[in-house]
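A look at the structure
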Amino acid sequence: MKALYFNGSGFEYFKIWIVNILLTIVTIGIYYPWAKVRNKRYLYANTYLEDRHFEYHATGKQLLLGHLIAMALLIAYIVTEHLFPAGAGIVIIIFFFIFPWVIWRSLMFNMHMTSFSHVRFSFAGSVGNAYVNYMLLPALFFIALYGPMVASAIAIHFFGNEGAMSSSTGGAIMLGVVFGLCLAFYFFALMKKRNACYAIGNYRYGQGVFSIDVETRGFAKILAKTIGLSFLVMLGTIFLMGIVIATVGYDEIWAMSGTMNDPELMQEAMFNEYAIAFIGVIYFILIVASFIIAAYTKARQRLYIFSNTTLDNDITFASTLKARSLAWVMISNLFLIILTLGLAFPWAKVRMIRLTLENTQVDSEQGFEHYISQQQQSQSAIGEQIGDTFDVDFGVGI
Amino acid sequence: MLIHGYYYQEGVASQSVATLCIHADDGANDNTVSIRTDADGAQVYVGQLSQINIGDRLGNTQRKLMLQNGYVFSTHDNDSIDALFKSSNANHFLSSVLHRIESHIGWVITALLVVLLTVFAFFKWGVPWASTQVAHALPEQANHFIADKTLEFLDEYFFEETQLSEEKTQAIKTHFFSQLVPLDDVEHSRKYQLHFRAWNQNGTSIPNAFALPSGDIILTDKFVELAQHQEEIDAVLLHEMGHVVHRHSLQMLIESTFVATVVVLATGDSSGLVDMGLGLGSLLVSSHYVREHELEADDYAFNQMLRAGINPIAFSNIMRRITDYTGNPEPADDEVLADNAEQETNVLIDYLSTHPSTQERIEKANKYIACYEKNLTVCL
Ligand SMILES: [Zn+2]
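Every value quoted in this text rests on a predicted model; they were computed, and no experiment measured them.

Reading the values: the criteria
- Residues numbered from 1 in each chain as written.
- Chains lettered and ligands numbered in written order.
- Predicted model: local features only at pLDDT ≥ 70, side-chain atom pairs only at ≥ 80, totals over all residues.
- Heavy atoms only, no water.
- Helix = DSSP H or I, 4+ residues; strand = E, 2+ residues; numbered from the N terminus.
- Buried < 20%, exposed > 50% of the residue type's maximum accessible area, 1.4 Å probe, protein only.
- Areas by Shrake-Rupley, 256 points an atom, 1.4 Å probe, with all protein chains shown as cover.
- Core = buried A, V, L, I, M, F, W, Y, C linked by side-chain atoms within 4.5 Å.
- Donors = N, O, S within 2.8 Å, 3.2 Å for Na, K, Ca; no water.
- Tetrahedral: all angles 85-135°; square planar, octahedral: opposite > 155°, others 65-115°.
- Pairing = 2+ DSSP bridges.
- Axes fitted to C-alpha atoms, helices over the stretch in contact; angles between N-to-C directions.
- Parallel < 35°, antiparallel > 145°, perpendicular 65-115°, else oblique.
- Left-handed = near helix turned anticlockwise from the far one by under 90°.
- Contact = heavy atoms within 4.5 Å.
- Nonpolar A, V, L, I, M, F, W, Y, C, P; charged D, E, K, R; others polar.
- Polar contact = N/O pair within 3.5 Å; in protein donor to acceptor, adjacent residues only side chain to side chain.
- Patch = residues over 30% accessible without salt bridge, like charges linked within 9 Å, V, L, I, M, F, W, Y side chains within 5 Å.
- Salt bridge = Lys/Arg side-chain N within 4 Å of Asp/Glu carboxyl O.
- Lys, Arg positive; Asp, Glu negative; His and termini not counted.
- Charge placed at Lys NZ, Arg CZ, Asp CG, Glu CD.
- Phe/Tyr/Trp six-rings, centres within 6.5 Å; stacked < 30°, edge-to-face > 60°.

1. Structural notes on the overall build of chain B
A tally of regular secondary structure across chain B gives 12 helices and 12 strands. Taking all 380 residues of chain B together, the buried fraction comes to 50%. Just so you have it, chain B exposes about 18100 Å², and 57% of that area is on carbon and sulfur atoms.

Here you go:
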């Protein structure tokens, strides 16, 4: 087993990054696609397995059109959201329908633009499966989660007034909600499994085919453990908040709560240092709590997916990433970035890359010598840039 | 001259460790390049230096030389490549111009300073300027839409019906429409309306006044009770009119839209980590804008008071009475000016707070009071 490693440095990346930002500002944003390519090229080209490295091949020109479209969409969305909250709902529904297409295009484009040891990757997934995985299953999940609750709320609204609810009706509602939760749990695990299969199972490396052998049950186990951990973390959070509330004073918090919707009211509540310290501490606790949970899930899923993935039944993968070290890097990176007003971003990025690469193991009997790039159609980057702008997170990065 | 690296064909995984050799031909202005593999010493390529295409230099990453035969020679030895091609290859300059900026510490520091200044200037002046423009360009209907929603929300969750007598509210209204509204230069385009509401929280009634963008002004019962003179009510009403005239509510919405857009764009290629941190940042930036709005509304009120012949001290008095009543910990007026040490600690808090420090407002009030005493109607 050999681990991947990163050959660059935080300082060198900082220099590239800051010059990129400068050029982006000077060109009022037009340079952004070139900046993005240069940042990515640096990070990819410094990712090594033995003496072979990755490469990112997209050009700024390829990304420009998609970038402009994505910018226009983003501004339209934010303006709608702020001025006409009702309209934003419609926009979200439209996004819901184009989102799977964006993921599909992004996966194709990004894989095609990535090479390892001069051989290109590619993605063979179908757009139909993208709609199943990124639209149908999430929809089923939400229906299962909220459907019974909404249905019983409606039932109570119409029939509840006509006297006390019989115990059998109450029992039926309870049963419905529990059944919905179980179904939601199943759909979520199924979704995770299908996403992993869709992304990885459709990756190609030259003529090589990735295969993945994971089961819904595996993801269900991880999900169950995550829910358990979340309860523990939530208890801890409530306990810590209790301490904060006892220290800050109940009245202060009451004065603040419920005033968040109106700046004129908020200013009345937010005038003192206690309130600000209080918001800061609550924010801190919530971030740490959510990072711990996120790190746990990610580390577990990664372990499960990597150890069940092969390339041509020859090359195998393993993850040695620990939830604890992942959570630590996430939390410390956040503070690094906040304390330096964002300037430490390149170092934070390099730290995270180092951690994930050094915990990615690859083993091969026959090596990579015989892989050759396959002929591919040139890909348009429109979907990729839309996905990038809206920070779509998909796939199971290295 | 020898350069060590890899020799391979683009698209093929197998690569051989190889050495590139440059033969300096005397008298010729083009040099011959040859490549031998290290394993068996076989010569795999011979060509002219000027025929080679050079890839961009990017940090410490491997430099690619695209050869005539479709093969690639890549090497970590960037400096040798730059030295070699400096004089003889036309596309050398383009391939390393960005790298020269990135590796020059002076340029990097310049870039850093320019970026910091731009970001600062953008939030400090750019966003408020742009949102003022947009706020004034939007049709009046936008104001009414926002105002109706806000008043509905406040009535549902915070306010109760006023306990003030009909005569009292009617007197305030009559005075407002006959004395204050005419002061507004463009009153015809705005329909001011006064609303009276009781606002109780935790058993205490809260003294306050708000302006909605449509020109609806809300006074709470406790505020009317605390005001001892008509002039004090006038002062606060003028302050609220200032918010309406400057379209502050709408501006606030647009400003937060701007901040949200920039935050999303700036973190476009980042993970969710940064976004969470920036949420707090944008809260602080927004509260800065609210402070600026308050000071602007104060300015409007003071100027109108001078025009109407109302002593600006009325504003200080009512503000002091309100802060005394609500137990604001900040120094409430010029007589209890905090000693210097306390002021220092207040600077940071003040920056974080949305409330302009009473100190800042009192200084402004004092300036206008001095003008009033000299019988000036314009105060600079
Ligand atoms: Zn105000």
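2. Brief notes about the nonpolar core
Counting 57 residues, the largest nonpolar core has Ile18, Phe123, Tyr203, Tyr205, Phe210, Phe368 and Tyr371 of chain A as its most contacted members. Ranked by residues supplied to this core, first place goes to helix α1 (residues 10-26) of chain A with seven residues. Grouped together as the second largest cluster of nonpolar side chains are 39 residues, Val181, Phe315, Ala365 and Tyr368 of chain B included.

3. Let's talk about the coordination of the zinc ion
All names here are of chain B. For the zinc ion, the protein coordination sphere consists of His239 (NE2), His243 (NE2), Glu294 (OE) and Glu294 (OE), at 2.1 to 2.8 Å. Taken together, the four donor atoms coordinating the zinc ion span angles of 52 to 134° at the metal, a pattern that classifies the geometry as irregular. Summarised as a motif, the one-chain spacing of the donors to the zinc ion is H-x3-H-x50-E. Here the residue His243 occupies a position in helix α7 (residues 230-245), and Glu294 occupies one in helix α9 (residues 272-308), the gap between them amounting to 51 residues.

4. With respect to the pairing of strand β3 (residues 32-37) of chain B
Put simply, side chains in a regular strand alternate between the two faces of the sheet. All names here are of chain B. Burial analysis of β3 places five of its six residues in the buried class, which makes it a mostly covered element. Here five bridges tie β3 to strand β4 (residues 43-48), and the two strands are oriented antiparallel to one another. Paired with Ile35 across the strands is Tyr45, a residue of β4.

5. As for the packing of α1 of chain A against helix α3 (residues 105-137) of chain B
Two elements in contact, α1 of chain A and α3 of chain B, have axes separated by 9 Å at closest approach and are oriented at 50°. Between α1 of chain A and α3 of chain B, the interaxial angle falls into the category oblique. Considering the relative orientation of α1 of chain A and α3 of chain B, their crossing is left-handed. Two secondary-structure elements touch here, α1 of chain A through Phe11, Phe14, Lys15, Ile18, Val19, Ile21, Leu22 and Ile25 of chain A and α3 of chain B through Ile105, Val108, Ala111, Leu112, Val114, Val115 and Thr118 of chain B. Split into classes, the residues belonging to the contact of α1 of chain A with α3 of chain B amount to 13 nonpolar, one polar and one charged.

6. Structural notes on the environment of Asn60 of chain B
Inspection of the secondary structure assignment puts Asn60 of chain B in the loop between β5 (53-54) and β6 (63-66). Among all residues touching Asn60 of chain B, those that are not within four sequence positions of it are Asn7, Gly8, Glu12, Tyr42 and Asn46 of chain A together with His76 and Asn78 of chain B. Polar side-chain contacts of Asn60 of chain B include one of 2.9 Å to the backbone oxygen of Asn7 of chain A.

7. With respect to the sheet that holds β6 of chain B
Residue and element names in this part refer to chain B. The strand order β4-β3-β2-β1-β7-β6-β5 describes an open sheet built from seven strands, whose pairing is antiparallel. In the strand order of this sheet, the two ends are held by β4 and β5, each with one partner. Sitting on the sheet, helix α1 (residues 78-85) is in contact with β1 (2-9), β2 (15-23), β5, β6 and β7 (71-75), with an inclination near 45° to β6.

8. Notes on a negative patch on the surface
Residues and elements named next belong to chain B. A cluster of acidic residues, Glu292, Glu296, Glu360 and Glu363, forms a negative patch at the surface. If you list the elements that add at least two residues to the negative patch, you get α9 and α12 (358-373). Position of Glu292 among the secondary structure elements: in helix α9.

9. Quick look at the sheet that holds strand β9 (residues 309-311) of chain A
Residues and elements named next belong to chain A. Pairing in this open sheet of 11 strands is antiparallel, and the strands run β1-β11-β10-β9-β8-β7-β6-β5-β4-β3-β2 from one edge to the other. Two strands in the sheet have a free side with no partner beyond their single neighbour: β1 (2-3) and β2 (5-6). As paired strands, strand β4 (residues 52-56) and strand β5 (residues 114-116) are joined by three bridges and run antiparallel to one another. Bridged to Tyr56 within β5 is Thr114. The strands touched by helix α2 (residues 32-45) within the sheet are β2, β3 (47-49), β4 and β5, with β4 carrying the most contacts at an inclination of about 170°.

10. Quick word on the packing of aromatic side chains
Residue and element names in this part refer to chain A. In this structure the tally under the stated criterion is 36 aromatic pairs over all chains. With centroids separated by 6.1 Å and ring planes inclined at 70°, the aromatic side chains of Tyr134 and Tyr198 adopt a geometry described as edge-to-face. Of this pair, Tyr134 sits in helix α5 (residues 127-159) while Tyr198 sits in helix α6 (residues 167-201), and the two are 64 residues apart along the sequence. As far as burial versus exposure is concerned, Tyr134 and Tyr198 are alike and both buried. Relative to Tyr146, the ring of Phe142 lies with its centre 6.2 Å away and its plane at 10°, an arrangement referred to as stacked. Of this pair, Phe142 and Tyr146 both sit in helix α5, separated by four residues, roughly a single helical turn. Phe142 gets classed as partly exposed once you look at its relative accessible area, which sits at 44%. On the basis of relative accessible area, Tyr146 is assigned to the partly exposed category, the value being 44%. Ring-pair connections join several aromatic residues into one group, and the members of that group are Phe54, Phe116, Phe121, Tyr205, Phe368 and Tyr371.

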